[in-house]
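# Topology and contacts: notes
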Amino acid sequence: MILAVQLVLSTLAAFAFARYEFRGKNVAFALVLVQLMIMPDILLVENYQTMARLGLVDTLFAIGLPYFASAFAIFLLRQTFMGIPKELDEAARVEGASTLQVLWRVYVPLAKPVYTAFALVSVSFHWNNFLWPLIITNSVESRPLTVGLQVFSSVEQGVDWSTITAATLMTSAPLLIAFILFQRQFVQSFMRAGIK
C-alpha cells in the first residue's frame, strides 16, 4: 500500500517539478528537500496525535499514512525526468497525446530502473520499520511481522531461540527473494544514476 501510493504521488510531483513552471516552484521543492533532512522519528508524537484525531489508531492505514509522500522518491524521479529530452514529450504531443499519456508512455518507461531501485529501498525500509508500527498499533491483528517478532523474545516466557530464528527467517525471506530477483535491475539503476 505504501509503495503504490508513493509511486503515484511521487511520479506526479516529480513530473510537475521537472516540466512545469509555476509560482513558488523553487520554494516548494526546497520544502521537499527539507523533508529529506528530517528524521521520521522526530515526528512520532505529532504523527500519533494526528492519527488519534483522525480516529486511525490501531489500523493498517495509520502505519502507512505518514510515509505516503516520499521526498526521496520525488527528488530521484525529478532528477530522472529532467534528464529526459523535452523533444520526446513534444513529439508525443504532436501525435496527440495528453499530459498524462506523455507521462505514462514516455517518462515512466524511461525511468523504470529508478522505479525498481526506489521500490526495493522503500519496501525494505517499511518492511523493517519497527518503532512507528509498534507505537501506532495496539492489537496483534494490525501489527506487522517485524513488530510481532518481538513477542517471541519476551523475557517472562523465556527465550526460545529456535522459534525466534524461524520467525526471523520468515520476516527476512521476502526481502532476500526480492533482492535476488531484481538484483541486476537494482545495480544497473544505481550505475545509470551515477553516470551522466
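Below: a short report on this structure. None of these values were measured; they are calculated from a predicted model.

Rules used in this analysis
- Residues numbered from 1 in each chain as written.
- Predicted model: local features only at pLDDT ≥ 70, side-chain atom pairs only at ≥ 80, totals over all residues.
- Heavy atoms only, no water.
- Axes fitted to C-alpha atoms, helices over the stretch in contact; angles between N-to-C directions.
- Helix = DSSP H or I, 4+ residues; strand = E, 2+ residues; numbered from the N terminus.
- Parallel < 35°, antiparallel > 145°, perpendicular 65-115°, else oblique.
- Left-handed = near helix turned anticlockwise from the far one by under 90°.
- Contact = heavy atoms within 4.5 Å.
- Nonpolar A, V, L, I, M, F, W, Y, C, P; charged D, E, K, R; others polar.
- Buried < 20%, exposed > 50% of the residue type's maximum accessible area, 1.4 Å probe, protein only.
- Phe/Tyr/Trp six-rings, centres within 6.5 Å; stacked < 30°, edge-to-face > 60°.
- Lys NZ or Arg CZ within 6 Å of the ring centre and 35° of its normal.

## Description of the packing of helix H1 (residues 2-19) against helix H5 (residues 71-82)
- In the contact formed by H1 and H5, the axes pass within 8 Å of each other and the chain directions differ by 45°. The orientation of H1 with respect to H5, classified from their angle, is oblique. Between H1 and H5 the crossing geometry is right-handed. Facing Ser-10, Thr-11, Ala-13, Ala-14, Phe-15, Phe-17, Ala-18 and Arg-19 of H1, the residues of H5 in contact are Ala-73, Ile-74, Leu-77, Arg-78, Phe-81 and Met-82.
- Residues of the contact of H1 with H5, tallied by class, amount to 10 nonpolar, 2 polar and 2 charged.

## Considerations on unusual backbone geometry
- Phi at Asp-58 takes a positive value of approximately 70°, unusual for a residue other than glycine.
- Looking at the element boundaries, Asp-58 is found in the loop between helix H3 (44-54) and helix H4 (60-64).
- Given the relative accessible area of 23%, Asp-58 is considered partly exposed.

## Notes on the packing of H1 against helix H7 (residues 99-110)
- Packing of H1 against H7 leaves a shortest axis separation of 12 Å and a crossing angle of 95°. When the interaxial angle is binned, H1 and H7 end up roughly perpendicular. Contacts between H1 and H7 involve Thr-11, Leu-12, Phe-15 and Arg-19 from the former and Thr-99, Leu-100, Leu-103, Tyr-107 and Val-108 from the latter.
- Considering only residue class, the contact of H1 with H7 consists of 6 nonpolar, 2 polar and 1 charged.

## Details of the packing of aromatic side chains
- Counted under the stated rule, the structure contains 10 aromatic pairs.
- Considering the side-chain rings of Phe-15 and Phe-81, the 6.4 Å spacing of their centres and the 80° angle between planes classify their relative orientation as edge-to-face. With Phe-15 in helix H1 and Phe-81 in helix H5, the pair connects residues that are 66 residues apart, well separated along the chain. Exposure class is identical for Phe-15 and Phe-81. Each is buried.
- Measuring from centroid to centroid gives 5.3 Å for Phe-81 and Tyr-107, while their planes differ by 75°, and the two rings are edge-to-face. Of this pair, Phe-81 sits in helix H5 while Tyr-107 is found in helix H7, placing the two residues 26 residues apart along the sequence. When sorted by exposure, Phe-81 lands in the same class as Tyr-107, which is buried.
- The structure contains a cluster of three or more aromatic residues connected by ring pairs, namely Phe-15, Tyr-20, Phe-81 and Tyr-107.
- Sitting over the face of the ring of Phe-29, Arg-78 holds its NZ or CZ atom 4.1 Å from the ring centroid.

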